[in-house]
Each structure stands twice: as C-alpha cells, then as structure tokens.
Amino acid sequence: KDRFEPSQAFAMVLKKDQYKAVIDLSSIDHRVIRYLKGETLDVSDLTTLKGWVLVCVSGYPLGFAKIDNGTLKNKLAKGWRIQ
C-alpha cells in the first residue's frame, strides 16, 4: 500500500516512551474494555492527535489505533479481541 501500517507484534515490543504518538488509558477507564472488544472510541477528551497512535493501559502497550477528529478507530488484531 506504500504507507506505514504498524502490526500488533510491533506494538507489543514497544515501550510507551519509544513511540511518538501515545494514548495511555487508566486501568479503570471503561474505554479499555471497549478497545479490547474492537470498538471505535471517542477520545476527544484525551488528545488532538491524528494518525497512528499506540494505545497503552497504565504504560503497557495493547495495540495500535488510528485517530481522526477525536475518534479512535481500533486496529487491534481480530484474534486478540474479547468476544
């Protein structure tokens, strides 16, 4: 596709400070479960970033997502999602 699309494996080896665009959710944030289910999230209260972001919980990486206009589009690998 001639563009950067990060993989799930890449997300799992990164540390929070190794990627420029990061969303770090609290472990008690209700959006963590929604992210793990593969849902789209509203994160307009957390960031004004656009593009690929590393989604973390309490500093630990979960996966990547794409943000546009405060909406986080989940890119968590389908096999890793909660049913």
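To be clear, the structure that these remarks concern was listed above.
Computed from a predicted model, the values in this text were never measured in an experiment.

(A) Quick peek at the packing of aromatic side chains. Applying the stated criterion to the full structure yields three aromatic pairs. Geometrically, the ring pair formed by phenylalanine 4 and phenylalanine 10 is edge-to-face, given 6.4 Å between the ring centres and 90 degrees between the ring planes. Phenylalanine 4 gets classed as partly exposed once you look at its relative accessible area, which sits at 47%. Accessibility expressed as a relative area gives 32% for phenylalanine 10, which makes it partly exposed. Within the aromatic cluster, the residues linked to one another by ring pairs are Phe4, Phe10, Tyr19 and Phe64.

(B) Examining the sheet that holds strand E4 (residues 60-68) more closely. Read from one edge to the other, the open sheet built from five strands follows the order E1-E3-E4-E5-E2, with strand pairing classed as mixed. One side of each edge strand has no neighbouring strand; the edge strands of this open sheet are strand E1 (22-25) and strand E2 (41-42). Of the strand pairs in this sheet, E1 and strand E3 (residues 51-57) are connected by four bridges, and their pairing is parallel. The partner of leucine 25 across the bridge, within E3, is valine 57.

Calculation criteria
- Residues numbered from 1 in each chain as written.
- Predicted model: local features only at pLDDT ≥ 70, side-chain atom pairs only at ≥ 80, totals over all residues.
- Heavy atoms only, no water.
- Phe/Tyr/Trp six-rings, centres within 6.5 Å; stacked < 30°, edge-to-face > 60°.
- Buried < 20%, exposed > 50% of the residue type's maximum accessible area, 1.4 Å probe, protein only.
- Pairing = 2+ DSSP bridges.
- Helix = DSSP H or I, 4+ residues; strand = E, 2+ residues; numbered from the N terminus.

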